[in-house]
Amino acid sequence: MDEAETSNIFHVPTLSLPSIRPPDSYDPFRSQPVPLIIDNGSSNLRFGFSTSASPHSSPNVIAKYKERKFNQSLLLFGDAIDAESGAKSQGKTPWEGDVLLNFDAMENALDYAFVRLGIDAESIEHPVLMTERLCSPLHSRALTSELMFEQYSVPSLTYCVDSVMSFYCNNKPTSGSTFGADGLVISFNTASTSVIPILNGKGVLSHAKRIPWGTQQSTEYLLKLIQLKYSSFPTRVTSTQASWMLHNFCSFATDYPAVLRSLKIPANMRAAERIIQFPFAIPVIEEKTEEELTRIAEKRKEQGKKLQELAAKSRMEKLAKKENDLQYLTSLKEGKSENKREWTNTLQVEGFDDDAALDETIKKLEADVKRARKKDPDGQDDIIEEPSFPLIDVPDADLDEEGIKEKKKQKLMKAGFDARARARREKEKEREEKEAEGRREEEERENNFDDWAARLRREQEAIMSKIKERGRRKAALSDRKSAAAQARMKNIASLAADERVSKKKRKAGAEDMFGADDEDWQIYRKLNTAAVSSDEEEEFNQLRIIESKLLMHDPTFTAQHTHASITSQRSALISAFRPQYEEGNIEGSARIHLNTERWRVCETFFSPGMAGVDCAGLGEVLQNILARFSETEKARLVKNVFITGGPSQFPGLQERLHGTLRPILPPEMHLGNIVRAADPSFDAWKGMASFANTDEFDQVGVTAEEYQEWGGERIKRWWGGNCNSAV
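Scoring rules and cut-offs
- Residues numbered from 1 in each chain as written.
- Predicted model: local features only at pLDDT ≥ 70, side-chain atom pairs only at ≥ 80, totals over all residues.
- Heavy atoms only, no water.
- Helix = DSSP H or I, 4+ residues; strand = E, 2+ residues; numbered from the N terminus.
- Buried < 20%, exposed > 50% of the residue type's maximum accessible area, 1.4 Å probe, protein only.
- Contact = heavy atoms within 4.5 Å.
- Areas by Shrake-Rupley, 256 points an atom, 1.4 Å probe, with all protein chains shown as cover.
- Axes fitted to C-alpha atoms, helices over the stretch in contact; angles between N-to-C directions.
- Parallel < 35°, antiparallel > 145°, perpendicular 65-115°, else oblique.
- Nonpolar A, V, L, I, M, F, W, Y, C, P; charged D, E, K, R; others polar.
- Expected span 1.5 Å × (residues − 1).
- Salt bridge = Lys/Arg side-chain N within 4 Å of Asp/Glu carboxyl O.
- Pairing = 2+ DSSP bridges.
- Right-handed = clockwise from strand over helix to strand, strands pointing away.
- Left-handed = near helix turned anticlockwise from the far one by under 90°.
- Arc of directions from axis to C-beta.
- pLDDT = per-residue confidence, 0-100.
- Patch = residues over 30% accessible without salt bridge, like charges linked within 9 Å, V, L, I, M, F, W, Y side chains within 5 Å.
- Lys, Arg positive; Asp, Glu negative; His and termini not counted.
- Charge placed at Lys NZ, Arg CZ, Asp CG, Glu CD.
- Polar contact = N/O pair within 3.5 Å; in protein donor to acceptor, adjacent residues only side chain to side chain.
- Phe/Tyr/Trp six-rings, centres within 6.5 Å; stacked < 30°, edge-to-face > 60°.
- Lys NZ or Arg CZ within 6 Å of the ring centre and 35° of its normal.

## Regarding the overall build of the protein
- Along the protein, the regular secondary structure elements total 28 helices and 20 strands.
- The buried share of the protein, taken over its 727 residues, is 38%.
- Sequence separation of at least 24 residues holds for 68% of the intrachain contacts in the protein that already meet a minimum separation of 6.
- Summing over all exposed atoms, the protein offers an accessible surface of approximately 43,400 Å²; the carbon and sulfur share of this is 50%.

Written as structure tokens, this is what we have:
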């Protein structure tokens, strides 16, 4: 492994168990109307008093879990769920996507927050400032208000939009002045991304837009890409691990198509990849001594020798049986009776219908015997002395009944001996021809090695071309619209429409001559593309012989030049996209290579259609919002483009937004710097805390009396909250 690859390896962090923290002291806030700030996020719940420097933060998830050891039911919240492995599958959040729906979980989360703050009073005696989503449904707001007023008896409740409060935190007015900043707020939330224009310190929510794509969807999309790329990954990749990869290795591309074009070069893809090393366990292999290894090798050798002997014995037994059958049938044919009825009865007794069936069986046995002798591992038969057959030449008239039977037996034995002798002669002739061909080839190799090697390479290329062309034809036949598939259908149609000899004509003596010529059988090869022909098997055998000769004698011909190696080679780009490790490399098999996914996941914010979401991207939404304002107002908005939320920290986002906004603005209009929130995670809470300490906060909240009069859906209209059902 080179140094560059080692520097790109990152290990998946292991989760540490949460520490037990005691509740805060409530004494400084007891009987004091200090506002209570709750940033109810989809992923994290941030809470604290407005006079605190920073809030408490915990994952906004609960789990009801029954502990088996002590048989106790537990209610876990936040980090505590990670301490119990069985509780993770039971986790629930108050949010369903971008809508607050699970109010049992919401109540449990608020209970945890109030206990963590040390509040031990019967009711919450502090005014509450709480976040809600842009254009939050009235049903969710009504149930939240009911929970806060009926369950916790808060004196007043104010709702605000978190992204507007984050903008307020980063553009706070000087003391004594009112908030009147202009800007275009782009908020990247857990389940959505919203764009809110702000003029004179007030959110123009009638022109605000929200797209249903956020960090949660991006994490799921990255996880799906990883699962598609590594379908047989040895360990399970969790959503938490995918979220960690998203926040640490993904970035926005200023020009996404240009990035993909650059990654088409394998070297660039390898340079841009990030290798994620997952935990793995090395199997313990018992090491054996040299004596044990030697003993095992000898035992295997003996077992292999016994198996070879058994196989050779079985082959010889089968060969002897076939030779005896051949001798018997040959003698039966030679002793054919002139009486047709008697001969027919003899054939039926032996299991044959006619002479043709007998001839076919004899022919098949001769081929089987010949084939079996060719596969004889010893290469030659034992030399058998020719036995004597004294009764063969004696006339039948000079022999009695027993002598005639012995004469027939000797005829059978002589026919078998002659057949074996012919087979030995043919085998010896083939061996001599093979040896002569080998000597000629050896002489050619010694006298002119270059021509010999070039000839073998040409033969190899010719055979590989045939195999490649056959594979291309099979691939073309799988496409029913290809020319090869259409030609195959024409052949089938022509065979179906071909006029065959009718049954009546066959009775009259006419014959169907299809199959008399060997070329007739080629039609079946064209029709049955899955069948392996004998020619194909012969080509593969010939190719292996040629490659073995070149590997043995030609130093320039290596294993990489063989047909098996060439066909198994992967393209350099595919190898860079997903490198393959050697079999048995456990460390390598537990790695994930992120390359194109690093930019592809973030690109979905601008093109949600890539992930199958039918909605406008961020660039189109920005263009639609700015088109609703006059040129003067548009200039005021784009002077201060503000981004907040977790993905706002991804590299390349500011440059990508600048490249998106600049073409949709007039050339003379100034586009200010795109400002990222100083602390995207806590700026919303800090902005809420700062606003809660002002005199204006007392005027925008809904009191308990107003709740009883208006209901939970109604709120007061102010610059930081929603406008639906506001008074």
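Back to the write-up after that little detour.
## Side note on the packing of helix H6 (residues 215–229) against helix H7 (residues 239–249)
- H7 packs onto H6 with a crossing angle of 105 degrees between their chain directions and a minimal axis gap of 9 Å. The orientation of H6 relative to H7 falls into the category roughly perpendicular. Of the residues in H7, those touching H6 at Thr-215, Ser-218, Thr-219, Leu-222, Leu-223 and Ile-226 are Ser-239, Ala-242, Ser-243, Met-245, Leu-246 and His-247.
- The residue makeup of the contact of H6 with H7, split by class, is six nonpolar, six polar and no charged.

## Things to note about helix H3 (residues 103–116)
- Between its first and last C-alpha, H3 extends 19 Å over 14 residues, near the 20 Å set by a 1.5 Å rise per residue.
- Among all positions of H3, only Phe-103, Ala-105, Met-106, Asn-108, Ala-109, Leu-110, Ala-113, Phe-114 and Arg-116 are buried.
- One or two steps after H3, the chain reaches Gly-118, where phi turns positive at roughly 85 degrees.

## Remarks on the pattern of salt bridges
- Counting across every chain of the model gives 22 salt bridges.
- A salt bridge links Arg-116 to Asp-24, with the nearest nitrogen and oxygen atoms 3.3 Å apart. Placement of Arg-116 in helix H3 and of Asp-24 in the loop between strand S1 (9–11) and strand S2 (36–40) is noted, with a sequence separation of 92 residues between them.
- Judged by relative accessible area, Arg-116 falls into the buried class, the value being 11%.
- With a closest N to O distance of 2.9 Å, Arg-30 and Asp-120 form a salt bridge. Of the two residues, Arg-30 sits in the loop between S1 and S2 while Asp-120 sits in the loop between H3 and strand S10 (128–132), which places them 90 residues apart along the sequence.
- Residue classification places Asp-120 among the exposed positions, given a relative accessible area of 52%.
- If you follow the salt bridges from partner to partner, you end up with Asp-98, Arg-133, Asp-162 and Arg-210 in one network.

## With respect to the sheet that holds strand S3 (residues 44–49)
- Across the sheet, which stays open at both edges, the six strands sit in the order S4-S3-S2-S10-S11-S20 with mixed pairing between neighbours. With one partner strand each, in any of the chains shown, strand S4 (56–59) and strand S20 (702–703) form the two edges of the open sheet.
- Pairing of S2 with S10, which is carried by three bridges, proceeds in the parallel orientation. Paired with Ile-37 across the two strands is Leu-129, which belongs to S10.
- Contacting S2, S10 and strand S11 (156–161), helix H5 (residues 162–170) crosses the sheet at an angle of about 80 degrees to S11.
- This element, helix H26 (residues 683–692), spans S2, S3, S10 and S11 of the sheet and lies at about 150 degrees to S2.

## A short note on the pairing of S11
- Of all six residues in S11, six are buried; the element is thus mostly enclosed.
- Bridge analysis of S10 against S11 gives five bridges, and the strand direction is parallel. What sits directly across from Glu-132, in S11, is Val-161.
- Regarding the hand of the β-α-β motif, the stretch spanning S10, helix H4 (residues 138–151) and S11 is right-handed.
- Relative to S20, S11 runs antiparallel, the two being bridged by two bridges. In the strand pairing of S20, Ser-156 is matched with Thr-703.

## What to know about the packing of helix H10 (residues 290–334) against helix H11 (residues 340–350)
- At a minimum axis distance of 12 Å, the contact between H10 and H11 shows a crossing angle of 170 degrees. When the interaxial angle is binned, H10 and H11 end up roughly antiparallel. When the axes of H10 and H11 are compared, the crossing they make is left-handed. Here H10 contributes Tyr-328, Leu-332 and Lys-333 to the contact with H11, which in turn contributes Trp-343, Thr-346 and Glu-350.

## Remarks on helix H25 (residues 653–661)
- Considered for burial, the residues of H25 that qualify are Leu-653, Arg-656, Leu-657, Thr-660 and Leu-661. One face of H25 carries all of its buried residues, which in axial projection span an arc of 125 degrees.
- Of the surrounding secondary structure, the elements contacted by the buried residues of H25 are strand S12 (183–188), helix H22 (597–603), helix H23 (618–626), strand S18 (641–645) and strand S19 (674–676).

## So, the sheet that holds strand S6 (residues 72–77)
- If you walk across this open sheet you meet the three strands as S6-S5-S7, and the pairing is antiparallel. Of all strands in the sheet, those with a lone pairing partner are S6 and strand S7 (91–92), marking the two edges.
- Here strand S5 (residues 62–67) runs beside S7; their pairing, made up of two bridges, is antiparallel. Note on S7: the bridge partner recorded for Ala-63 is Gly-91.
- Seen against the sheet, H3 touches S5 and S6 and runs at an angle of roughly 85 degrees to S5.

## Remarks on unusual backbone geometry
- In this structure, Ser-31 takes a positive phi of about 60 degrees despite not being glycine.
- Assignment of secondary structure puts Ser-31 in the loop between S1 and S2.
- You will see that Ser-153, though not glycine, has its phi angle at about 55 degrees, which is positive.
- Secondary-structure assignment places Ser-153 in the loop between H4 and S11.
- Exposure remark for Ser-153: the relative accessible area of 39% places this residue in the partly exposed category.

## So, the confidence of the model for the protein
- Looking at the protein as a whole, the pLDDT averages 85, with 89% of positions reaching at least 70.
- Here helix H16 (residues 503–507) stands out as the element of the protein with the lowest mean pLDDT, 49, in contrast to H22, whose mean of 97 is the highest.
- pLDDT under 50 marks residues 377–382. Its contacts with residues more than four places away, or in other chains, come to seven contacts.

## A few points about a negative patch on the surface
- Together, Glu-286, Glu-290, Glu-291 and Glu-292 give the surface a local cluster of negative charge.
- Along the chain, Glu-292 falls in helix H10.

## What about the side chain of Asp-162?
- By the element assignment, Asp-162 lies in helix H5.
- For Asp-162, a relative accessible area of 15% translates into the label buried.
- Residues contacting Asp-162, with those up to four places away along its chain left out, are Asp-39, Thr-131, Glu-132, Arg-133, Asn-189 and Ala-684.

## What about the environment of Thr-694?
- Here Thr-694 is to be found in the loop between H26 and helix H27 (697–700).
- Overall, the relative accessible area of 29% leaves Thr-694 in the partly exposed class.
- Within the local environment of Thr-694, its side chain forms a polar contact with the backbone oxygen of Phe-691, the two atoms lying 2.5 Å apart.

## Concerning the environment of Thr-240
- Looking at where Thr-240 falls in the secondary structure, it is placed in helix H7.
- Once the C-alpha coordinates of Thr-240 and Leu-223 are considered, the two residues, 17 residues apart in sequence, prove to be 9.9 Å apart.

## Focus on the packing of aromatic side chains
- Scanning the model with the defined rule gives 26 aromatic pairs in all.
- Measuring from ring centre to ring centre gives 5.2 Å for Tyr-168 and Trp-719, while their planes differ by 35 degrees; the resulting arrangement is tilted. One end of the pair, Tyr-168, is in helix H5; the other, Trp-719, is in the segment after helix H28 (704–710), with 551 residues separating them in the sequence.
- Tyr-168 gets classed as buried once you look at its relative accessible area, which sits at 6%.
- On the numbers, 4.7 Å between centres and 15 degrees between planes, the contact of Phe-691 with Trp-718 is stacked. With Phe-691 in helix H26 and Trp-718 in the segment after H28, this residue pair connects regions lying 27 residues apart in the sequence. Assigned by exposure class, Phe-691 and Trp-718 land together as buried.
- A connected cluster of aromatic rings, assembled from ring pairs, spans Phe-167, Tyr-168, Phe-179, Phe-642, Phe-691, Phe-697, Trp-718 and Trp-719.
- Over the ring of Trp-95 we find Arg-133, and its NZ or CZ is 4.7 Å from the ring centre.
- Directly above the aromatic system of Trp-452 lies the positively charged group of Arg-445, at a separation of 5.4 Å from the ring centroid.

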